[in-house]
Structures are given as structure tokens and as C-alpha cells.
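# Structural description and commentary
Chain residues, written in single-letter form:
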Amino acid sequence: MAGDDSQVQTKKGSSKNTNNSKESTLKQKSPAEFFAENKNIAGFDNPGKSLYTTVRELVENALDSAESISELPEVEVTIQEIGKSKFNSMIGLIDRERVDTQLYDDYETEKAREKRLVKEARASEIQAKNLASGKKNKEPGVSKVLKARGEANYYKVTCRDNGKGMPHDDIPNMFGRVLSGTKYGLKQTRGKFGLGAKMALIWSKMSTGLPIEISSSMKSQNYVTFCRLDIDIHRNIPHIHLHEKKANKERWHGAEIHVVIEGNWTTYRSKILHYMRQMAVITPYAQFLFRFISETPEKNVTIKFTRRTDVMPPIPIETKHHPSSVDLLLIKRLITDTSKKTLLQFLQNEFVNINKNLAARLIGEMGPDFSPSMAVKTVTSQQMVRIHQLFRQAKFDDPSGDCLSPAGEYNLRLGIIKELHPDMVATHSGSAQVFEGHPFIVEAGVSVGGRDVKQGINIFRFANRIPLLFEQGGDVVTRTALKRINWNSYKINQTQDKIGVFVSIVSTKIPFKGTGKEYIGDDISEIATAVKSAIQQCCIQLKSKIVKRLQAREQQERKRSLTRYIPDATGAVYDVLRQMTEEHTTKRKRYREEDINMLDKVSKFVITKETLKEKLAEHVEQVDYEMALEYATQSGVSEEPREKIYIQHLNPNNSNIIDLHSPTFVFRLIL
């Protein structure tokens, strides 16, 4: 019996071990698979947002590509609507008529149809009555059963640029392998996740199954690379359909990308157009051509955002890490990747603001286990913790902002004027500041009035020179503009004036909040303070302009009021003079010598009503000028500070051109 019991226990134990082994089987996911399952992280929440994000990613890649070779960007974006029949033909499906109509979500019963027709007839009668009585008709409601739940909209998105282009052999991995690219150094970049067009390819794979098509050519290449590929999501590798070289007869350089995705133009039309407009504001040196091609020509959209300047910001420079911004994992990776031999050389060459003398002092502070000549590859995990602790506690100089590339006051001002046509605009560019070891620069612009601007405060946010359109309520710019600025003190009416607030933040690390990285949090005091200061500086400039405008307006009102009474005053004075002349002629009354001379001029028509009008008008001008001067003296309105002008060559190799730069204009002198 005991043997049987033990045998039973052994069987039970073995079965339990088998279950545990099945449960403990580990599975791995590729990066592509992770982002495919969590596409909302990268901004692909729904078809409409996916269409917007695809356009955004392609446009930003195009700008980066052109700016990397100092080429003035020319970007063409086309969204072409693809009907169901055309899409089916693209994937090789034959259109099929419905057989069982009741199976579909948009099936309408006879009773529901009668009810809908009665409702539509009643609405038509009301509209006819309103039209007859002159009342305004309301917009007719859209029927709820226009489209089946599973019926999708498809679009072909095309983006063409004049940028750097891509090497022939690198194209498959650049598009078909997630988390591989050229933008992973520490520098200011437009991207949020480093995915670029890869996520658009993943979404295309998920929603249509169609491959992406890339044409690219680099400068001085005599061929154009054409590549058609999709991505193996589970293995995170490209699946190449075609990869070939074609003759480059036009000597074109750049990239052209075609991708077919599911989207929703109707719901995200305004967002896409706002994005293009705001991109034109922050990059006035670029030229954008946007087209939407619909199956119904009446819905086609074509907008051209013309270039207004050829002054481009400098290219962002890759920089080294600041000691206060690193963590243990980064220290370990830097030690693994460094080519330096000793710890002293490692500290001196892999970090900013650590010179040889400071590196030696830091090593001395680390303890007896460290020495300047010790091999950096022999540093243990415990020693890395000591280095990290010292980095967090020691005092280092702040990193400089030389590695950053802000838009510049000139470009920001020009972009605002170009797109909004405001009555007044002021801009300010702050100096480089630091948070958590990362440098950042805040630029701001405030405009009053303009075209297509609503009453109240209109906020335009930019991070590393890209527009932020979503989750505005929690953003540091929104909260600062609405809650921390006393607009009335700057003679600006917060509710009635059309106010545009533009804030651009550039940094090697933008502290985005939320999974979608659509806003900058309000919890970093350094950034909040810099944003408030930049907006206030703009408001101070505007206040001076507004006060001068009010002064001119009051001066005009005074002059208008005085001028209004000139004819009446002239007639009254002239009648008195004529009466005095008659009294003098009839010798009924005697006058002084000066008065007699004046009365003689009246009798001889040397002084007339017209001459009196002229004299009174001159007097009004003089009084008006003196009152305006006194008002300016009392109100303390002074001349605005003069701005420095810097002389700089646009192209150092071209000695025939000299540019005179200031924050608000560029004057080009051609020798």
C-alpha cells in the first residue's frame, strides 16, 4: 500500500511539474510586435489620428533630411482618397454584391425606413416654412446609418522632398526594422519615439496589408533607388518585394514615399491643415505644397505655403552627456562603448564640463579603490554606483546651449506675420537654461489681431520646432498664458482682443507627459519660469506699441474735435470783426491803434473767413503737437531700445553677399 501511495504521489508530482513547465514557458516580442499591439503610444489611436500621425512623421523626416545638408526644404504632401473598388483591385479582390442584406450592420428594416422618411419629410416642410418666412434654417442632421461599422476609408499618402536621400543598401533596414536609425545620439531632434515612417509601415501592414514604396537618390548619384517592402512584425525584419536602381535623368536628390493606410479625413481634416499651417509658421524658410485628392472633385483641397526667407537655423549638434543627467545604465553603456583606456580619459572625454583637473579631483573623491590610471573596462558594478552617486552630489557647470537650434526671433516673427497677418507682433528669444542637466531655450511670440484668429487667447505650442496640437489643457504654455499672465496690465483685453501666443521650446530632452507625448508638463519650475518670462517680455514690447497707438488715437480724437468747431468759430469771429469795422467806419466807437490796423485789413478783405480758417487750423495743429508732447512726457513713453545688428555671411564661400542680421530683419547687401 505504501508503495502504491508513493507511486500515486510521484505521478501527481510529475503532473504538477509538467504544468509548471508549461506555465513558465517564456515568450519574447519583437519591438515591431510591441508597437503594433500598443500603437496608441506612437499616436496611432484610431484611423483618423493614424492619418494625421503618418503625415506628421513623413513631413518631419523630410525637413530633417533637407536641413541636414543645408538645403532649403521643399516638401510636397498628397493624400489621395481610395474608394472600396479601387482598394479591392489594388489587393487583388473582386467586388462582390451583398447576398444576405440582413447580415450587415447598416441593414434598415421596413419600419425603420418608413420612420426615417417621415422624419425627413417633416424636416423638409419646416425648412420650406422657414425659407418662406425668412428664418435661418438649421443644418440638416446626418443619418446614423450611412455606413456599415466595418466599412473603412483608405488613403494613399505621398511625401516628396529635396533632402539628403538614403543610401541604397540602408533603405530596407531604415524602414523595415523598428528601433534602428540615425537619430539616437544626444541632440535636439524633431522625433518623439525614433520610429519615423516605420510606424506608418506597421499601420499599413495592419490595416491594408499593402507594402510601402520608397524612391530615393543622394546628391551627385546617377541613379534612383526604388524599394517596395513591408515588415515582418514578429521577427522585426524587412520583407523586400523589389529593390532596384533606376536612371536618375533629372539629377534629383531626396526621397519620395508612398504608403496606403486606413484613415479618416473627415474627422481629422482640420487637425492636418492646422498642423501644416503651424509648421509653415515655425519654418518660414520651407515651402510646403499640400493636396487632398477626393473621389468627388468638389472636395479637393490644394494649399501652398510659400517660402518667405532663405535664412535657416543652424543644424543641431550632437553633444555629450552632462554628469548630472546620467543614470547607472547609461554609465554602464558609456563604459562599454568607450574607446578610452583609463578612467581619467573616460571622464574627461565622454562628458561635458569635465576637464582634466576636475576629472582628477572626482577620482580622488571616489575613494582608494579608484585611480586616474585604472583601466576603465575594469570598473565594477559597485564602483559604477559610486560614480553615479558622486555625479548626483557634485557641482558642475551648466551645459551650454550651443548644441541647440532654435527657430530664431527673425523666423518666428516672419512666420507669424506670413500666416496670421496680425496688427501687432512681438517676439523674444531667451538665453539657454538647464533642467536635469539638459539645456533648453524658450522662444515666444505674442500677436494681436490677424486673419483667421478667434477672439481671446489662441495658443500655438512647439517642441523642437514641431507643432503640438493635442492635450493642450495640461501644457505648461497653456496654463502660463491663461493663469499667470495679467493681460490687462499690458493694455491687452484677454476676452475681446484676438491674441496669438506662440511658444517654442527646444532641448536635447523635451519632458513630454502622457503616453502620446503631446504636451509638456507644468511640474518643471525651470521651464515654467522661462515660458512666463518669455511671454512677459513680448507683452512689454506690445504695451509700448499699444500705448503709442492709444496716444495717436487720442491725438486724432482731440484734433478731430477741435477741427469740428473751426467753421463755427471762424464765422462768429469774422462777424464780430465786420461789426467792429462798421462801428469804426461810422466813428461810433474808437479803438486802439493795433485794433484799427486789423480792422483796416478786414475792410480791405486782407483778412477773410478763409484766412481765419487757415490760421485756426494752424493753431489747432500747434496745440495738438504741444499736448501730445506733454502727454508723452507725463506718461513716460520713451523711444524703444535699439537692437544690435550682427554682420554674418549666409555662405562663407560667397564673398559677394553680406547679410546684416537683427532679431527682426535681415538686410542683404550684394557687392
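Counting restarts for each chain: residues are numbered from 1 in the order of the written sequence. Reporting in this predicted model follows two pLDDT cut-offs: at least 70 for local features of residues, and 80 or more for side-chain atom pairs to be given and counted; totals over whole chains, interfaces and linings ignore these cut-offs and use all residues. By convention in this description, side-chain values take in all heavy atoms of the structure and omit both hydrogens and water.

### Brief notes about the overall build of the protein
Filter applied, for reference: In DSSP terms, a helix is any run of H or I states spanning at least four residues, a strand is any run of E spanning at least two, and both are numbered starting from the N terminus. Here the term buried applies to any residue with accessible area under 20% of the maximum for its type, exposed to any over 50%, and partly exposed to those in between, with areas from a 1.4 Å probe on protein chains only. Should any heavy atoms of two residues lie within 4.5 Å, those residues are considered in contact. Only the protein chains shown count as cover for residues, and all accessible areas are computed by the Shrake-Rupley method using a 1.4 Å probe.
A tally of regular secondary structure across the protein gives 18 helices and 19 strands. For the protein, the residues scored as buried account for 42% of the 671 residues in total. When contacts within the protein are restricted to residue pairs at least 6 apart in sequence, long-range pairs at least 24 apart make up 73% of them. In the form shown here, the protein has an accessible surface area of approximately 38,400 Å², with 50% of it arising from carbon and sulfur atoms.

### Examining the packing of helix α10 (residues 343–350) against helix α11 (residues 356–366)
Keep this limit in mind: Angles here are taken between N-to-C directions and fall from 0 to 180 degrees, while the axes themselves are lines fitted to C-alpha atoms, restricted in helices to the stretch in contact. Any angle that is under 35 degrees is reported as roughly parallel, and any over 145 degrees as roughly antiparallel; angles of 65 to 115 degrees are reported as roughly perpendicular and all others as oblique. The sense of a crossing depends on the near helix, which, turned anticlockwise from the far helix by less than a right angle, makes the crossing left-handed and, turned clockwise, makes it right-handed. Asp, Glu, Lys and Arg are counted as charged, while Ala, Val, Leu, Ile, Met, Phe, Trp, Tyr, Cys and Pro are counted as nonpolar; the rest, among them Gly, fall into the polar class.
With their axes 9 Å apart at the nearest point, α10 and α11 run at an angle of 125 degrees to one another. In terms of orientation, α10 and α11 fall into the oblique class. Of the two elements, α10 crosses α11, and the hand of that crossing is right-handed. On α11, the residues that touch L343, L344, L347 and Q348 of α10 are K356, A359, A360, I363 and M366. Of the residues assigned to the contact of α10 with α11, the class counts are seven nonpolar, one polar and one charged.

### Observations concerning the pattern of salt bridges
Which entries qualify depends on this criterion: By salt bridge we mean one thing: a side-chain nitrogen of Lys or Arg within 4 Å of a carboxyl oxygen of Asp or Glu.
All chains considered together, the criterion is met by 22 salt bridges. With its nearest N and O atoms 3.4 Å apart, the salt bridge here joins E71 to K219. Within this pair, whereas E71 is found in the loop between α3 (47–67) and β1 (74–82), its partner K219 is found in the loop between β3 (212–217) and β4 (223–232), the two being separated by 148 residues in sequence. By relative accessible area, which is 23% here, E71 ends up partly exposed. Assessed through its relative accessible area of 45%, K219 is described here as partly exposed.

### Structural notes on the environment of S405
Quick reminder of the rule: N or O atoms closer than or at 3.5 Å make up a polar contact, with two conditions inside protein: a donor-capable atom paired with an acceptor-capable one, and, for residues adjacent in sequence, both atoms drawn from side chains.
Inspection of the secondary structure assignment puts S405 in the loop between α12 (381–393) and α13 (409–420). Considered as a pair, S405 and V506 are 101 residues apart in the sequence and their alpha carbons are 7.2 Å apart. Contact partners of S405, with chain neighbours within four places excluded, come to Q188, P313, P314, I315, P316, R465 and V506. There is a polar contact of 2.3 Å between the side chain of S405 and the backbone oxygen of P314.

### Comments concerning the side chain of T480
Mapped onto the elements, T480 comes out in helix α14 (residues 476–484). Not counting residues up to four positions away in its chain, the partners in contact with T480 are I485, A528, V531, K532 and I535.

### Focus: helix α7 (residues 198–207)
Counting buried positions along α7 yields eight of ten residues, so the element is predominantly enclosed. For α7, the set of buried residues is K198, M199, A200, L201, I202, W203, S204 and S207. A positive backbone phi angle near 80 degrees is found at G209, which sits one or two residues after α7.

### Here's the deal with the packing of aromatic side chains
In plain terms, the rule: Between the rings of Phe, Tyr and Trp (Trp by its six-membered ring), a pair exists once the centres lie within 6.5 Å; its type follows the angle of the planes, with under 30 degrees stacked, over 60 edge-to-face, and the other angles tilted. Two conditions define a charge located above a ring, namely a distance within 6 Å from the ring centre to NZ of Lys or CZ of Arg, and an angle within 35 degrees of the ring normal.
Within the structure shown, the criterion is met by 13 aromatic pairs. Measuring from centroid to centroid gives 5.6 Å for F346 and F351, while their planes differ by 90 degrees, and the two rings are edge-to-face. A residue is classified by how much of its surface remains accessible, and F351, at 2% relative accessible area, is buried. Taken together, the ring pairs in this structure connect Y52, Y268, Y275 and F470 into an aromatic cluster. Directly above the aromatic system of F470 lies the positively charged group of K49, at a separation of 4.5 Å from the ring centroid. Note that K246 overlies the ring of F226, its terminal NZ or CZ placed 4.4 Å from the centroid.

### Notes on the pairing of strand β2 (residues 153–160)
Stated precisely, the cut-off is as follows: Note: two strands are recorded as paired if DSSP finds a minimum of 2 bridges between them.
Sheet topology places β1 next to β2; seven bridges connect them, and they run antiparallel. Its bridge partner lying in β2, I79 is registered against V157. Here β2 runs beside strand β6 (residues 254–263); their pairing, made up of eight bridges, is antiparallel. Across the sheet, residue Y155 finds its bridge partner in β6, namely I261.

### Overview of the packing of α11 against α12
For any two helices packed against each other, the geometry comes down to the angle between their axes and how far apart the axes lie. Packing of α11 against α12 leaves a shortest axis separation of 10 Å and a crossing angle of 120 degrees. What the angle tells us is that α11 and α12 run oblique. With respect to the hand of their crossing, α11 and α12 are arranged in right-handed fashion. Every residue of α12 that contacts α11 at L362, E365 and M366 is listed here: R386, I387, L390 and F391.

### Structural notes on α13
The condition that has to hold: By this rule, a helix spans an expected 1.5 Å times one less than how many residues it contains.
The end-to-end C-alpha separation of α13 is 16 Å, in line with the 16 Å expected for twelve residues at 1.5 Å each. Within the sequence span of α13, burial applies to E409, Y410, N411, L412, R413, L414, G415, I416, K418, E419 and L420.

### A word on the sheet that holds strand β8 (residues 301–305)
Sheet strands pair by backbone hydrogen bonding; their relative direction is either parallel or antiparallel. Taken in spatial order, the eight strands of this open sheet run β5-β4-β3-β6-β2-β1-β7-β8, and their pairing is mixed. For this open sheet the edge positions go to β5 (237–247) and β8, each flanked by a neighbour on one side alone. Each strand axis lies, on average, 15 degrees off the axis of its neighbour in the sheet, ignoring direction.

### Some thoughts on the confidence of the model for the protein
Our working definition: Each residue carries a pLDDT score, the predictor's confidence in it, ranging from 0 to 100.
Per-residue confidence for the protein averages 82 on the pLDDT scale, and 84% of its residues sit at or above 70. Contacts for the low-pLDDT stretch residues 142–149, under 50 throughout, to residues beyond four places or in other chains number seven contacts. Here residues 637–643 is a poorly scored stretch, pLDDT under 50, and it has eleven contacts once near neighbours within four places are set aside; other chains count.

### Side note on a nonpolar patch on the surface
This is how it is decided: Like charges are joined within 9 Å and nonpolar side chains (Val, Leu, Ile, Met, Phe, Trp, Tyr) within 5 Å, but only among residues with over 30% relative accessible area and no salt bridge; these make up the patches.
A cluster of nonpolar side chains, namely M90, I91 and L93, defines an oily patch on the protein surface of about 250 Å² accessible area. Tracing the sequence through the fold places M90 in helix α4 (residues 84–91). Judged by relative accessible area, which is 35%, M90 ranks as partly exposed.

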